[in-house]
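Understanding the architecture of this molecule
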Amino acid sequence: ARPAELALMHEALLRVIAPLRGRSRVWLYLGYSDLEAVGAQLAVLPANGMLVAGAHCGYVGLTQFARALPEDRFVGIGVIDVLDPRVETEDEVRERLAIVKRIIPRDRLWAVPDGGLRGLRAETATAKLAAMVAAAK
């Protein structure tokens, strides 16, 4: 969505998920959103949780997003860059997690890849996930 369409998107999401309230958890994937420009507006979209790509951009705008995030909201923040075929080291992922944990409370944070792994070779995807799991432990 374009920034000018966020109010319409908010209203549309309210209508779409209304029948699911209390019966299902609704998560939104924000993908490669411009958190610096519209993070505060995205953070309040109606959902139980958000999945945010962040490893690819060094978490630019994540602070603005986090400030507006409702206290009951869970967030999955990308710590694996799925556009980069290079496998991150465990230490690199740990450093990314350290950045994210300073911004998002640990009890509301999930470590996730920036997006789908389908564009990567299977062994690369597996190695990236292994680094993420090891660093998260």
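One can find the structure itself at the top, above this paragraph.
The structure reproduced in this document is the subject of the present report. (Residues numbered from 1 in each chain as written. Predicted model: local features only at pLDDT ≥ 70, side-chain atom pairs only at ≥ 80, totals over all residues. Heavy atoms only, no water.)

The biggest cluster of nonpolar side chains holds 33 residues, and the ones touching the most others in it are Leu-42, Val-52, Phe-65, Ile-77, Val-93 and Ile-104. Those elements that place two or more of their residues in this core are helix 1 (6-17), strand 1 (27-31), helix 2 (35-43), strand 2 (49-52), helix 3 (62-68), strand 3 (74-80), helix 4 (90-103) and helix 5 (122-136). (Core = buried A, V, L, I, M, F, W, Y, C linked by side-chain atoms within 4.5 Å. Buried < 20%, exposed > 50% of the residue type's maximum accessible area, 1.4 Å probe, protein only. Helix = DSSP H or I, 4+ residues; strand = E, 2+ residues; numbered from the N terminus.)

So, on to the side chain of Arg-108. Position of Arg-108 relative to the elements: it lies in the loop between helix 4 and strand 4 (109-113). One buried charged residue, Arg-108, forms no salt bridge at all, with the nearest opposite charge on Asp-107 at 5.5 Å. Separated by 2.9 Å, the side chain of Arg-108 and the backbone oxygen of Arg-73 make a polar contact. Contacts of Arg-108, omitting those with residues within four sequence positions, involve Leu-69, Pro-70, Glu-71, Arg-73, Phe-74 and Val-75. (Lys, Arg positive; Asp, Glu negative; His and termini not counted. Salt bridge = Lys/Arg side-chain N within 4 Å of Asp/Glu carboxyl O. Polar contact = N/O pair within 3.5 Å; in protein donor to acceptor, adjacent residues only side chain to side chain. Contact = heavy atoms within 4.5 Å.)

Attention now moves to the packing of helix 4 against helix 5. Two elements in contact, helix 4 and helix 5, have axes whose closest approach is 8 Å; the angle formed by their N-to-C orientations is 55°. With respect to helix 5, the axis of helix 4 lies oblique. Crossing of helix 4 over helix 5 shows right-handed handedness. Every residue of helix 5 that contacts helix 4 at Glu-90, Val-93, Arg-94 and Leu-97 is listed here: Ala-131, Met-132, Ala-134, Ala-135 and Ala-136. Looking at the contact of helix 4 with helix 5 residue by residue, the class counts come to seven nonpolar, no polar and two charged. (Axes fitted to C-alpha atoms, helices over the stretch in contact; angles between N-to-C directions. Parallel < 35°, antiparallel > 145°, perpendicular 65-115°, else oblique. Left-handed = near helix turned anticlockwise from the far one by under 90°. Nonpolar A, V, L, I, M, F, W, Y, C, P; charged D, E, K, R; others polar.)

With respect to the secondary-structure elements, Asp-114 resides in the loop between strand 4 and helix 5. Buried charge without a partner: Asp-114 forms no salt bridge, and the closest opposite charge is Arg-96, 6.8 Å away. Engagement of the side chain of Asp-114 in a polar contact is seen with the backbone nitrogen of Gly-54, the distance being 2.7 Å. Within the structure, the side chain of Asp-114 is placed 2.9 Å from the backbone nitrogen of His-56, a separation counted as a polar contact.

We now examine the sheet that holds strand 2. A sheet is described by the order of its strands in space; here four strands give the open sequence 1-2-3-4, paired in parallel fashion. Strands with a single pairing partner mark the edges of an open sheet, and in this sheet they are strand 1 and strand 4. Across the sheet, the mean angle from the axis of one strand to that of its neighbour is 25°, orientation sign disregarded. The sheet contact formed by strand 1 and strand 2 spans four bridges and is parallel. The residue bridging Tyr-29 from the neighbouring strand is Leu-51, located in strand 2. Against the sheet, helix 5 engages strand 3 and strand 4, with an angle of about 160° to strand 4. (Pairing = 2+ DSSP bridges.)

Geometry only, nothing functional implied.
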